[in-house]
Amino acid sequence: QTVPILTYHNFSNDRADKMTVKKADFEAQMKLLKDLGYHVISLDEFFDFVEFKADIPRKSCVITIDDGWQGVYDIAYPILKKYRYPATLFVYTDLISGSKKTLSWEQVREMMKNGIDMQNHTKTHRDLGNKEQDESFETYFKSIKEELEVSEDVMSRRLGKKVTSLAYPYGNTN
């Protein structure tokens, strides 16, 4: 069974680009999933399925969102609640500052209480797959370790949960 994973980054009321979806388009996409009989499942349910621990409905899909931009709270979150769809937000912890453009930890906790799982997207969104040009392997290794450990610690302290998944920034691994 193929399970599509729909990945988003940011949302806007009136503009779209390769990383941003317009509110009306996101609403139409979520409605289309419902109209076509898709079952939106959590990332945990998906992992249970691929590990042969549980079955999932036919026509299942997963929704993930990366980073932690304010559009997630203002636009995507109310639409996901409307359709009762679970989703996973992969946050990079340095971004969660509560500025006009970024989520606050209060907003993250609220969404987490209402069906949005929170997982790791590193501390600074550093490309984990490539070392910097003049960086030694030892420095690169320490940096990667910090990206993962610090973000996990911050999420544990701020959200009271242990993260179990990582979305690699830029999808880049080595």
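Up top you'll find the structure we're talking about.
These remarks concern the structure in this document. (Residues numbered from 1 in each chain as written. Predicted model: local features only at pLDDT ≥ 70, side-chain atom pairs only at ≥ 80, totals over all residues. Heavy atoms only, no water.)

Here's the deal with the packing of helix H4 (residues 105–113) against helix H5 (residues 137–159)
Heads up, the condition is: With axes taken as lines fitted to C-alpha atoms, and helix axes fitted only over the stretch in contact, angles between N-to-C directions fall between 0 and 180 degrees. Helix and strand assignments follow DSSP, with helices taken as H or I runs no shorter than four residues and strands as E runs no shorter than two, numbered in order from the N terminus. Geometric relationships in this document are graded by angle, where less than 35 degrees denotes roughly parallel, more than 145 denotes roughly antiparallel, 65 to 115 denotes roughly perpendicular, and other angles denote oblique. Any pair of residues with heavy atoms lying within 4.5 Å of one another is described as a contacting pair.
Two numbers describe how H4 lies on H5: the axes approach to 11 Å, and their chain directions differ by 75°. Relative to H5, the element H4 is oriented roughly perpendicular. Across the interface between the two elements, Trp105, Val108, Arg109 and Met112 from H4 touch Val154, Met155, Arg158 and Leu159 from H5.

Some points on the nonpolar core
Put simply, the test is: By nonpolar core we mean a set of buried residues, namely Ala, Val, Leu, Ile, Met, Phe, Trp, Tyr and Cys, connected to one another through side-chain atoms within 4.5 Å. A simple rule labels every residue: compare its accessible area, found with a 1.4 Å probe on the protein chains alone, to the largest value its type can have, and call it buried under 20%, exposed over 50%, or partly exposed in between.
Counting residues in hydrophobic clusters, the biggest one holds 32 residues, and the most contacted among them are Phe11, Phe26, Met30, Ile63, Leu80 and Leu89. Those residues within four positions of Leu80 in sequence are excluded, and the remaining contacts are Phe26, Met30, Ile63, Ile65, Tyr85, Ala87 and Ile116. Judged by nonpolar contacts, the second largest core, of nine residues, contains Ile41, Phe46, Phe49 and Ile56.

Describing the pairing of strand E6 (residues 87–91)
Just so we agree on the cut-off: Any two strands are treated as partners once DSSP identifies two or more bridges connecting them. A clockwise path from the first strand over the helix to the second, with the strands pointing away from the viewer, defines a right-handed crossover.
Counting buried positions along E6 yields five of five residues, so the element is predominantly enclosed. Residues Ala87, Leu89 and Val91 point to one face of E6 and Thr88 and Phe90 to the other, with burial holding for every one of them. Summarising the sheet, strand E5 (residues 60–67) and E6 pair through four bridges and their orientation is parallel. Of the residues in E6, the one forming a bridge with Asp66 is Phe90. As a crossover connection, the stretch from E5 through helix H3 (residues 70–83) into E6 is right-handed. Here E6 runs beside strand E7 (residues 116–120); their pairing, made up of five bridges, is parallel. Along E7, the bridge assignment pairs Ala87 with Ile116. In terms of handedness, the path from E6 via H4 over to E7 forms a crossover that is right-handed.

So, unusual backbone geometry
Here Thr122, not a glycine, exhibits a phi torsion of approximately 85°, which is positive. On the secondary structure map, Thr122 appears in the loop between E7 and H5. Residue Thr122 is classed as buried on the basis of its relative accessible area of 0%. Phi angles above zero are rare outside glycine, and Tyr170 is one such case at about 65°. Within the element layout of this structure, Tyr170 appears in the segment after H5. Here Tyr170 falls in the exposed class, since its relative accessible area comes to 61%.

A short note on the side chain of Gln107
Considering the arrangement of structural elements, one finds Gln107 in helix H4. For Gln107, a relative accessible area of 15% translates into the label buried. Beyond its immediate chain neighbours, meaning those up to four positions away, Gln107 contacts Gln70, Tyr73 and Thr102.

Geometric values such as these leave the question of function open.
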